[in-house]
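Below, each chain spelled out in residue letters.
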Amino acid sequence: MTNGCGAPTQGGSIDVATTETVLEGKVLSDGTPVGGAFVRLLDSTGEFTAEVVTSPEGDFRFFAAPGSWTVRALHRSGNGQADVSASGPGVHAVEIAVA
Amino acid sequence: MSRENVLVSAAWSEENLQAPGVVFAEVDEDTTAYEGGHIPGAVRIDWRTELQDPVRRDFIDREGFEKLLSAKGISNDDTVVLYGGNNNWFAAYAYWYFKLYGHTNVKLLDGGRKKWELDGRPLDKEEVTRSATTYSAQEQDLSIRAFRDEVVEAIGNKNLVDVRSPDEFSGKLLAPAHLPQEQAQRGGHIPSAVNVPWSKAANEDGTFKSDEELKALYAEAGFDGSRKTIAYCRIGERSSHTWFALRELLGHEDVKNYDGSWTEYGSLIGVPIELGSGKES
């Protein structure tokens, strides 16, 4: 079966291969996790790369590559974004506040 | 073809949830979103388990499609409004698929689930049951579906539109960045293809850009309106989104979707592959 293009479950813990560059974190509103937010991964030129929907706990995760990225969250309660720099493979944490 | 014939807005949809002869259908690969809340009255279509043959890598056949739509309670003369997550990727795929089997009145909900949710419109968990129908499908309309040999022959003479992200196009990534990069086939793109990521055809809220913006986008990428066109991506769903923009919104006549896409092409023995941005030469 071909792997589809829908996003896997967000949140929880995963085994990260040593070659993978993972960007992950939470979307928060006044410190409270926001589930069901649309999180967009933008590259260093602001170009759209991928999008996921946060888990009920506000978690999101991308499999990217080393470099500078912006994560932007859209939700009916508000939008927000944050920059993250991934120097190399591994898990890079980032939080997004929406208002 | 005009936008009003193929797209409906979220506002129109909310006003027409009970309209006779209109059936809303949510299409996704992962249908847990539907279970968590769907547009009131919408039936569910599972891209993976209902639209794909369970054994061969192909679609369900004409008879299978007739059975599926009959069981969903969809009639030949119903207007089917499709929507889904992932910026309507699978809904656009289903739209193309409904056209392939000759359904007359099918539309996409502009912006899909994302726009609906961002607007704060109602979702419910009611079980939806519609009485069964006797649906009759046509033979596949192969004027909108491309197969591998035709794709190889199209190199250098048709528009080949690769709608994946630039990193997938260049061969750096084998899948979109929200997925693990575990695929084994070769990376790169079909020689002579232009790269116009599907996302450039959509606004941030998932709605399609205006016709003027779309025309400018494809013209700038080197799309030649006088040539025939084949769109592809990795598995054919993002390219359905672009197929929709090119054929249904902009009215280009000979546009096919290559559903085998990169997972087929990148695994073929002996076909040419180009790496990099494709812009150096």
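The name recorded for chain B in an unreviewed UniProt entry is Sulfurtransferase, from Lentzea cavernae. Within the UniProt record for chain B, the comment given under Catalytic activity (unreviewed entry) is "thiosulfate + hydrogen cyanide = thiocyanate + sulfite + 2 H(+)".

If you check an unreviewed UniProt entry, chain A appears there as DUF1416 domain-containing protein from Lentzea cavernae.

1. Notes on helix H6 (residues 89-100) of chain B
Residue and element names in this part refer to chain B. Given a rise of 1.5 Å per residue, 12 residues ought to cover 16 Å, and the 16 Å separating the end C-alpha atoms of H6 matches this to within 8%. Within H6, 12 of the 12 residues are buried, leaving the element largely enclosed by the surrounding structure. Residues of H6 that are buried include every one of Trp89, Phe90, Ala91, Ala92, Tyr93, Ala94, Tyr95, Trp96, Tyr97, Phe98, Lys99 and Leu100, and no others. Of the residues flanking the end of H6, it is Gly102, one or two places downstream, whose phi is positive at about 80 degrees.

2. A word on the pairing of strand S4 (residues 48-53) of chain A
All names here are of chain A. Taking burial as the measure, the six residues of S4 include five buried ones, the bulk of the element. Across five bridges, the pairing between strand S3 (residues 38-42) and S4 is antiparallel. Across the sheet, the residue bridging to Phe38 is Val53, located in S4. Hairpin connection between S3 and S4: a loop of five residues separates the two successive antiparallel strands, and Gly46 in this loop has a positive phi of roughly 85 degrees.

Rules behind the numbers
Note on numbering: residues in each chain are counted from 1, in written sequence order. Throughout, the order in which chains and ligands are written sets their labels, letters from A for the former and numbers from 1 for the latter. Per-residue local features of the predicted model are confined to residues with pLDDT of at least 70, and side-chain atom pairs are confined, for both listing and counting, to 80 or more; whole-chain, interface and lining totals are unaffected and use all residues. UniProt positions are given in the numbering used here, feature names are shortened, and annotations may be inferred rather than shown by experiment. A run of H or I in DSSP counts as a helix once it spans at least four residues, and a run of E counts as a strand once it spans at least two, with each numbered from the N terminus. Expected span of a helix, by definition, is 1.5 Å for each gap between consecutive residues, and there is one gap fewer than residues. Counts of 20 or more other C-beta atoms within 10 Å of a residue's own C-beta define buried residues, counts of 12 or fewer define exposed ones, and intermediate counts define partly exposed ones; C-beta atoms are placed from the backbone. A pair of strands counts as paired when DSSP detects no fewer than two bridges linking them.

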